[in-house]
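Descriptive structure summary
Residues per chain, in single letters:
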Amino acid sequence: MRSYIIRKSLAEEANAGWVWICEPRRHKAWTSRTVVKIRRPGSLLGVYVELRLIDTNFIKRYNEGRRLFISDGNDMIVMSEWYRHSLGVSATSPDNTTGTVRLDIQKAPIWGWRSLRAAVQQPDPVARLSTRLGILGLWLGLLGVWLGVLGILPFGACREPAFLFGGAILAIVGVLGVWGCWGRPKARSR
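In short, a report on the structure.

Procedures and definitions
- Residues numbered from 1 in each chain as written.
- Predicted model: local features only at pLDDT ≥ 70, side-chain atom pairs only at ≥ 80, totals over all residues.
- Heavy atoms only, no water.
- Helix = DSSP H or I, 4+ residues; strand = E, 2+ residues; numbered from the N terminus.
- Buried < 20%, exposed > 50% of the residue type's maximum accessible area, 1.4 Å probe, protein only.
- Contact = heavy atoms within 4.5 Å.
- Patch = residues over 30% accessible without salt bridge, like charges linked within 9 Å, V, L, I, M, F, W, Y side chains within 5 Å.
- Areas by Shrake-Rupley, 256 points an atom, 1.4 Å probe, with all protein chains shown as cover.
- Salt bridge = Lys/Arg side-chain N within 4 Å of Asp/Glu carboxyl O.
- Arc of directions from axis to C-beta.
- Core = buried A, V, L, I, M, F, W, Y, C linked by side-chain atoms within 4.5 Å.
- Pairing = 2+ DSSP bridges.
- Axes fitted to C-alpha atoms, helices over the stretch in contact; angles between N-to-C directions.
- Phe/Tyr/Trp six-rings, centres within 6.5 Å; stacked < 30°, edge-to-face > 60°.
- Lys NZ or Arg CZ within 6 Å of the ring centre and 35° of its normal.

Let's shift gears to the overall build of the protein. Broken down by element type, the protein carries 5 helices and 6 strands. Along the protein, helices (α) and strands (β) appear in the sequence β-β-β-β-α-β-α-β-α-α-α when read from the amino end. Classification of the 190 residues of the protein by burial places 38% in the buried group. In the protein, the proportion of contacts linking residues at least 24 apart, taken out of those at least 6 apart, comes to 74%.

Next up, the structure:
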């Protein structure tokens, strides 16, 4: 858990599914486009997001025409209003030294699950909708296959433990799919 200076994202990145980070002490620990979970202390929920590393090109583009410049020497995160609101960050830092927010950033452990959660919590409504429809389609396809297998068997075979187990697995996959489709977490007031 570290304290970070939080900055607003560029206007053209308001719907982007990533945040920019500069951590001089841990710069080699992250790679660009890593999906991480960011959460506030004391909160179990967090946001899943792609992490991009702040480099000199980003700093040059960010500082063009702005009064408040960023530099490459502080623990800093540049994120859109969508992610700030999800984390309960009400204000951004007025300078490069004060106004920090404590955040816990960890690489999300499960390969497919982290990408799914990042896609569902995107600021872009098209990405969220397509992910949810894809999960629903997968679940309905599995249900259709299972019901098709049950349909070609004699009725007595449908009571076998293997088929009941298959139905239970399908129900678990459906519940996980619905849980994976939840949107961004609601920010707690502090």
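Bringing a nonpolar patch on the surface into the picture now. A grouping of Leu-138, Leu-142, Phe-165, Ile-169, Ile-172, Val-173 and Leu-176 is seen on the molecular surface, where their side chains present a nonpolar patch of about 630 Å² in accessible area. Taken together, the elements giving at least two residues each to the nonpolar patch come down to α4 (125–152) and α5 (161–180). Broken down by element, the nonpolar patch gets its largest block of residues, 5 residues, from α5. Along the chain, the position of Leu-176 falls in helix α5. For Leu-176, a relative accessible area of 45% translates into the label partly exposed.

By the burial criterion, the buried members of helix α1 (residues 56–63) are Phe-58, Ile-59, Tyr-62 and Asn-63. Seen end-on, α1 carries its buried residues on one side only, within an arc spanning 120°. Along α1, the residues that are exposed and aim more than 90 degrees away from the buried face are Thr-56, Asn-57 and Lys-60. With its phi angle positive at about 70°, Gly-65 sits one or two positions after the end of α1.

Another point: the nonpolar core. Soluble, globular proteins show a tendency: their nonpolar side chains are buried together. Within the largest apolar cluster, 20 residues are counted, with the highest numbers of intra-cluster contacts made by Ile-6, Val-19, Ile-38, Ile-77, Leu-103 and Ile-105. If you list the elements that add at least two residues to this core, you get β1 (2–8), β2 (18–22), β3 (34–39), β4 (47–53), β5 (76–79), α2 (81–87) and β6 (100–107). Here the element with the most residues in this core is β4; it accounts for 4 residues. Among all residues touching Val-19, those that are not within four sequence positions of it are Ile-38, Val-49, Glu-50, Leu-51, Arg-52, Ile-77, Val-78, Met-79 and Tyr-83. Formed by 11 residues, the second largest nonpolar core is a distinct cluster that contains Ile-5, Cys-22, Ile-59 and Tyr-62.

Hydrogen bonds between backbone atoms are what pair the strands of a sheet, whose relative direction is either parallel or antiparallel. Reading around the barrel, the 6 strands line up as β1-β5-β2-β4-β3-β6 and close back on themselves, with mixed pairing between neighbours. Between one strand axis and the next, the sheet turns through 45° on average, direction left out of account. Summarising the sheet, β2 and β4 pair through 4 bridges and their orientation is parallel. Across the sheet, Trp-20 pairs through a bridge with Arg-52, a residue of β4. Taken strand by strand, helix α3 (residues 111–120) contacts β3, β4 and β6, and its axis lies near 95° from that of β4.

Turning our attention to the pairing of β6. With 4 bridges joining them, β1 and β6 adopt antiparallel strand pairing. Note that in β6 the partner of Arg-2 across the bridge is Leu-103. Where β3 meets β6, 4 bridges bridge the pair, whose relative direction is antiparallel. Opposite Ile-38, over in β6, you have Ile-105 as the bridge partner.

Counted by the stated rule, this structure contains 2 aromatic pairs. Between Trp-20 and Phe-58 the ring centres are 4.2 Å apart and the planes differ by 20°, which places this aromatic pair in the stacked class. Linking Trp-20 in strand β2 with Phe-58 in helix α1, this pair joins segments that are 38 residues apart in sequence. Across this residue pair, the class does not change: Trp-20 and Phe-58 are buried. Given a relative accessible area of 3%, Phe-58 falls into the buried group. Three or more aromatic residues link up through ring pairs in this structure, and these residues are Trp-20, Phe-58 and Tyr-62. The ring of Trp-18 carries Arg-52 above its face, with NZ or CZ at 4.6 Å from the centroid.

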